[in-house]
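Examination of the molecular architecture
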Amino acid sequence: MKVVLLDSKDVGGEILNTELIEDYPGFESVTGAELARKMADHAIKFGLKIETYKSVQEVRSEGDHKIVTLVDGTELSAYAVLVTVGGEPTKLGVVGEKEYHGRGVSYCAVCDGAFFKGADLAVIGGGDSAFQEGLFLTRFAKKLYVVHRRNEFRAQAILQDRLLKMDKVEPITPAEVTEIGGNGDVKWIDIDRDGKTERVKVEGVFVFIGFKPVGRHLFKEHIEHDKNGYLITDQYMRTSIPGVYAAGDTRAQLAKQITTAVGDATTAVLHAERYIEELKDLERAFPSEPKDVVAQTVSKAELQVFAPGDLVLKEGEVADRFYMIIKGEAEATQRGPDGSQIVINRFGPGDYFGEVGLLNDAPRLATVRAKTSLEVMALDRETFAGLMKSSQATEDEVRRVAAGRTRAASPR
Ligand SMILES: Cc1cc2nc3c(=O)[nH]c(=O)nc-3n(C[C@H](O)[C@H](O)[C@H](O)COP(=O)(O)OP(=O)(O)OC[C@H]3O[C@@H](n4cnc5c(N)ncnc54)[C@H](O)[C@@H]3O)c2cc1C
């Protein structure tokens, strides 16, 4: 398959904003720049085309394809799109914040906290993130200030109890940071409390006043997201739009880490490959079916895997699924008068079975077992009915095949 990676900046994302990474397996300590370069070189070696400084403006569906429009007006067309645009931590917007980013100003305690052993630190924010990350920072901080612009914190009570009861933790409220300063590294923050400016000596400022995932803004059509704007996926990283996957920081999940981003992407890519194969198989089998219906159908399909000899469906059972073979072979048998199994059909890649029982609302006429390792796409009753309804030619063809099979399987 042909794959292109588009990035509006240089390749590497947030890793490039990280001085040292010390929690990526296999790399005891590596600079963000080096890890990003190694990842890119590795992917290029396996054939990935990387286009840097190509900013995506919009993604829309057209039939079974996604049309990706770049800011420069170029359009690309793909069967599947994996969204890994991450997000942006909300910035304080004060003097010194940009200058000291990476030199005392951080937006990730888990990532950078360990660099501040024995230091006085400040957490800015009053929500769950600020408190969770603040708790993490207490492992390293000598003193931890929690600066929040309101008197009340929004964080869950249990988090507040755990953090604020520690001797080393001191809340400063209601207060707003007005400036961050130092001499090459952060040494202090100025805060405004009750109209007066106070200088607080700290070596690290951890800002958690929000994170804005940016993925959903790329889509013209609705894409499911949670109340904070993170894209919702299933366990295969599928979003609500067929053929669109999400991975990493832009996805609704617990951790925002390199390991989880890489893991998400692995799952997404493996599934996307299958999705494209299934799409093509279904289009070949039902050429008159509208392409967008095929994409919808495949996105609802369940991938099932069988070992040689495994039972897929059993004669006499209630019919509840339609199957199409992606890989491998299967065999249909029927019980003969003497109880032995008589082979009545063989199926290979692209063949379908299970339609007779669904169309006639009748028990299975035959038993189907995997003859080799078998991968099938299974459609439930409702999805199969939708496929039949959307094209008369498809329904006629499936009914014709079903009638032939019914005759072949009639009691002998
Ligand atoms: C300061 C800091 C330190 C960190 N340290 C660590 C650490 O030590 N260990 C760890 O595991 N994690 C760390 N993290 C978190 C980690 O960097 C992220 O979890 C990870 O980078 C997420 O990867 P991602 O691909 O989802 O998103 P990102 O890394 O955010 O990458 C998104 C990419 O999408 C591109 N993009 C955005 N919009 C568009 C568009 N419209 N068109 C084209 N391209 C676009 C961006 O340019 C960017 O390259 C740190 C984060 C920060 C901010």
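Residues numbered from 1 in each chain as written. Predicted model: local features only at pLDDT ≥ 70, side-chain atom pairs only at ≥ 80, totals over all residues. Heavy atoms only, no water.

**Concerning the nonpolar core**
Convention followed: Here, nonpolar core means buried Ala, Val, Leu, Ile, Met, Phe, Trp, Tyr and Cys residues that are tied together by side-chain atoms lying within 4.5 Å of each other. Partly exposed residues are those whose accessible area sits between 20% and 50% of the maximum for their type, while under 20% is buried and over 50% is exposed, using a 1.4 Å probe and protein chains only. Segments assigned H or I by DSSP are reported as helices when at least four residues long, segments assigned E as strands when at least two residues long, and all are numbered from the N terminus. The domain limits used here are those given by an automatic or database domain assignment.
Membership of the largest hydrophobic core comes to 29 residues, with the highest contact counts inside it found for F286 and M377. Looking at this core, the elements with two or more residues in it are helix 5 (258-285), helix 6 (291-300), strand 22 (321-327), helix 7 (355-360), strand 27 (374-380), helix 8 (381-389) and helix 9 (392-408). Per-element accounting of this core gives the leading share, six residues, to helix 5. Residues lining this core come from more than one domain, with at least three contributed by each of domain 1 (4-84 + 212-281) and domain 3 (301-408).

**Here's the deal with the site of the ligand**
This is how it is decided: If a single non-hydrogen atom of a residue is within 4 Å of a molecule or strand, that residue counts as near it. Two N or O atoms count as a polar contact when they lie within 3.5 Å, although within protein this holds only if one can serve as hydrogen donor and the other as acceptor, and sequence-adjacent residues are included solely when both atoms are side-chain atoms. To be clear on the numbers: accessible area is Shrake-Rupley with a 1.4 Å probe, and residue cover counts the displayed protein chains and nothing else.
Around the ligand, a shell composed of 28 residues is seen, among which D7, E14, V56, C111 and D249 lie nearest. Between an oxygen atom of the ligand and a side-chain N or O atom of D7, the distance comes to 2.6 Å. D23 places a polar side-chain atom, nitrogen or oxygen, 2.9 Å from a nitrogen atom of the ligand. Protein contacts shield 88% of the accessible area of the ligand, which totals 1,000 Å² for the unbound molecule. Secondary structure elements with two or more residues in the shell around the ligand: strand 1 (4-7), helix 2 (109-112) and helix 5.

**Points about the domain arrangement of the protein chain**
The condition that has to hold: Values labelled buried area give the accessible surface lost by two parts on being combined, using a 1.4 Å probe and summing over both. Salt bridge criterion: a side-chain nitrogen from Lys or Arg within 4 Å of a carboxyl oxygen from Asp or Glu.
The domain boundaries assigned to the protein chain delineate domain 1 (4-84 + 212-281), domain 2 (105-207) and domain 3 (301-408). Summarising the inter-unit geometry, the C-alpha centres of domain 1 and domain 3 are found 36 Å apart. In this assembly, domain 1 packs against domain 3 so that about 630 Å² is buried in total across both faces, 48% of it on carbon and sulfur atoms. Counting the surface domain 1 buries against domain 3, the share from its top three residues, R274, E278 and D281, is 75%. The interface formed by domain 1 and domain 3 contains two salt bridges. In this structure, R274 and E375 form a salt bridge, with 3.1 Å as the shortest nitrogen-oxygen distance.

**As for unusual backbone geometry**
Looking along the chain, the bond that leaves T173 and enters P174 is cis, with omega of -25°. Along the chain, the position of P174 falls in the loop between strand 13 (169-172) and strand 14 (175-182). At Y53, a residue that is not glycine, the phi angle is positive and equals roughly 55°. For M237, which is not glycine, the phi dihedral falls at a positive 70°. Along the chain, M237 falls in the loop between strand 18 (211-213) and strand 19 (244-246).

**Brief notes about the side chain of T367**
Our working definition: Throughout, a residue-residue contact means that at least one pair of heavy atoms, one from each residue, lies within 4.5 Å.
Position of T367 among the secondary structure elements: in strand 26 (residues 367-370). Owing to a relative accessible area of 7%, T367 belongs among the buried residues under this scheme. At 3.0 Å, the side chain of T367 and the backbone nitrogen of E315 are in polar contact. If we ignore the near neighbours within four places in the chain, the residues touching T367 are L311, L313, K314, E315, E331, A332, T333 and Q341.

**With respect to helix 8**
Our working definition: It is the directions from the helix axis to the C-beta atoms whose arc is reported.
Listed in full, the buried residues belonging to helix 8 are T383, F384, L387 and M388. Here the buried residues of helix 8 occupy an arc of 140° about the axis, which is enough to place them on one side. In this structure, helix 8 carries E382 and K389 as exposed residues pointing more than 90 degrees from its buried face. Buried residues belonging to helix 8 abut helix 6, strand 22, helix 7, strand 27 and helix 9.

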